[in-house]
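# Architecture and fold: a report
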Amino acid sequence: MEVKLAFVGFGNVARAFARMLESRRGLLGSRHSIQFRTTAIATARHGSIIAPEIDLLKAVELAEDGQSLNELRSASECGDSLSVIERCDADVIFETSPLDPSQGEPAVTYVRRALERGINVVTANKGPVAFAYRELAELAKRRGVQFRFEGTVMDGAPVFNLAEFCLPGVTVTGFSGVLNSTTNLVLTRMEGGASFDEALAEARALGVTEADSGYDLDGWDAAVKTVALANVLMNADARPVNVERRGIRGVTAESLKAAAQSGEAVRLVSRAMTRNSVLRLSVSPERVPVSSQMGAARGTSNVLILDTDLMGDIAIFEADPGVDQTAYALLSDLLTIVKGPKGQ
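Everything quoted here is computed from the prediction, not taken from an experiment. (Residues numbered from 1 in each chain as written. Predicted model: local features only at pLDDT ≥ 70, side-chain atom pairs only at ≥ 80, totals over all residues. Heavy atoms only, no water.)

Moving on, we get to the packing of aromatic side chains. Tallied over the entire structure, the rule returns 7 aromatic pairs. Between the aromatic rings of F7 and F94, the centroid separation amounts to 5.6 Å while the plane-to-plane angle is 35 degrees, which identifies the pairing as tilted. Placement of F7 in strand β1 (residues 2–8) and of F94 in strand β5 (residues 92–95) is noted, with a sequence separation of 87 residues between them. Note on accessibility: F7 and F94 belong to one class, buried. In this structure an aromatic cluster arises from ring pairing among F7, F10, F17 and F94. The ring of F36 is capped by R25, whose NZ or CZ atom sits 3.9 Å from the centre of that ring. The ring centre of W220 lies 3.9 Å from the NZ or CZ of R245, which sits over that ring. (Phe/Tyr/Trp six-rings, centres within 6.5 Å; stacked < 30°, edge-to-face > 60°. Helix = DSSP H or I, 4+ residues; strand = E, 2+ residues; numbered from the N terminus. Buried < 20%, exposed > 50% of the residue type's maximum accessible area, 1.4 Å probe, protein only. Lys NZ or Arg CZ within 6 Å of the ring centre and 35° of its normal.)

Residues I93, L115, F147, L229 and L233 are the most contacted members of the largest nonpolar core, which totals 73 residues. Once residues within four sequence positions are removed from consideration, I93 is found in contact with A6, V8, I85, C88, A114, I119, N120, V121 and V122. (Core = buried A, V, L, I, M, F, W, Y, C linked by side-chain atoms within 4.5 Å. Contact = heavy atoms within 4.5 Å.)

Attention shifts here to the environment of R204. Structurally, the position occupied by R204 is in helix α9 (residues 196–206). Judged by relative accessible area, R204 falls into the partly exposed class, the value being 48%. If we skip the residues at most four places from it in the chain, R204 touches T209 and S213. Within the structure, R204 has its side chain in polar contact with the side chain of S213 (distance 2.9 Å). (Polar contact = N/O pair within 3.5 Å; in protein donor to acceptor, adjacent residues only side chain to side chain.)

Below you can see the structure in the form of C-alpha cells.
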C-alpha cells in the first residue's frame, strides 16, 4: 500500500519523525506493507513546496542548515501552509505548527481544512484537541477520514490509544498527573539545591521549554493538556480558560524543604474530577508523597493516573522523554490510519 504524506510544520519533531520514517522504510514495507512518499512540506522559515516526490532526508538537511527547501530541484514553491493544504496530493497530513495557547491557531484552521478536503490528519499540536476536538472529530467522521493526536500529551506514551483500543467498555471518571516536563525539572532540581534560575536554564538547554517559558511556568501548557485529556477521555467540551490554574512561580526553596521533611515532594498536578455532575479541571502545585507515582516522577518524567469505573486506577509513566518519543507518536498514528478505523 502506498501512502502519500505531507508536512505542515517542519520543526524538531517533524524532522525527527522524517528520519525515523526513512530509517524504518524497509521495516514498514516488510511488516506493514507500507510504501510511502512525501509530496508536500510547509514551513514558516524554509519555504513551502509540493512535488510528486520529495527527498525527505535532503529536506531535513536543508532545513537544519537554515536553507530554503526550494533548493530541491524536483519541487515547486507553494506559498504558505494553507496553500500546501489546498494543493497537496496527500493521504495523511502531519501537522506540527507552533501553538497559540490562547486560541489554538493556526493549527485548528489547518486541521479543519485538511479534514474538509478528506485528508487524514495526525497532529502533535495540543491546540486542535483543546479548542475544537468535538468539531474536528465529527468533521473527520463525516468525511470518512481519521483525526489522530497521540503526541499531544505525554509525547509517545500510549494515552489515547490505551483508552481507545485497550479499555473497551471502561469509563474514565477522572484523572491526575504530572504533565509538564519543564516545571517538573525545575521543581526537582530545586529539591536538589539548585536555584529557580539555574533549574530553568537547564530546562532551556535541554530544549524542553516552550518558546515562551512562561507558558510552562504559569501552568498554561499543563492546562491545555488537561483540557485535551478531558475532551477526549471524558467526553467534555472544555477550554483552557475553564481550568483553575496556578503555576510554580510561588514555590520557594523553603516550601520544598518543608515538604521533604514530611516525606513529600511538590509537583505541578493536573486533575479532572466530577462533583455533583460538574466537571472540575485544575492545575496547581501540590504536595504529594515521595513514594507515590507523582512523587516518583522526577526531572522531565511525566505520569498520568486514570480513574476508571471497571479497572480502578491505571498509571502511565514516561521516563525522561525526548523529541524521538513525540516523533514515535506520529508513526504510531500513521500505522493506525493505515490499519483503518478502530484498528480494523
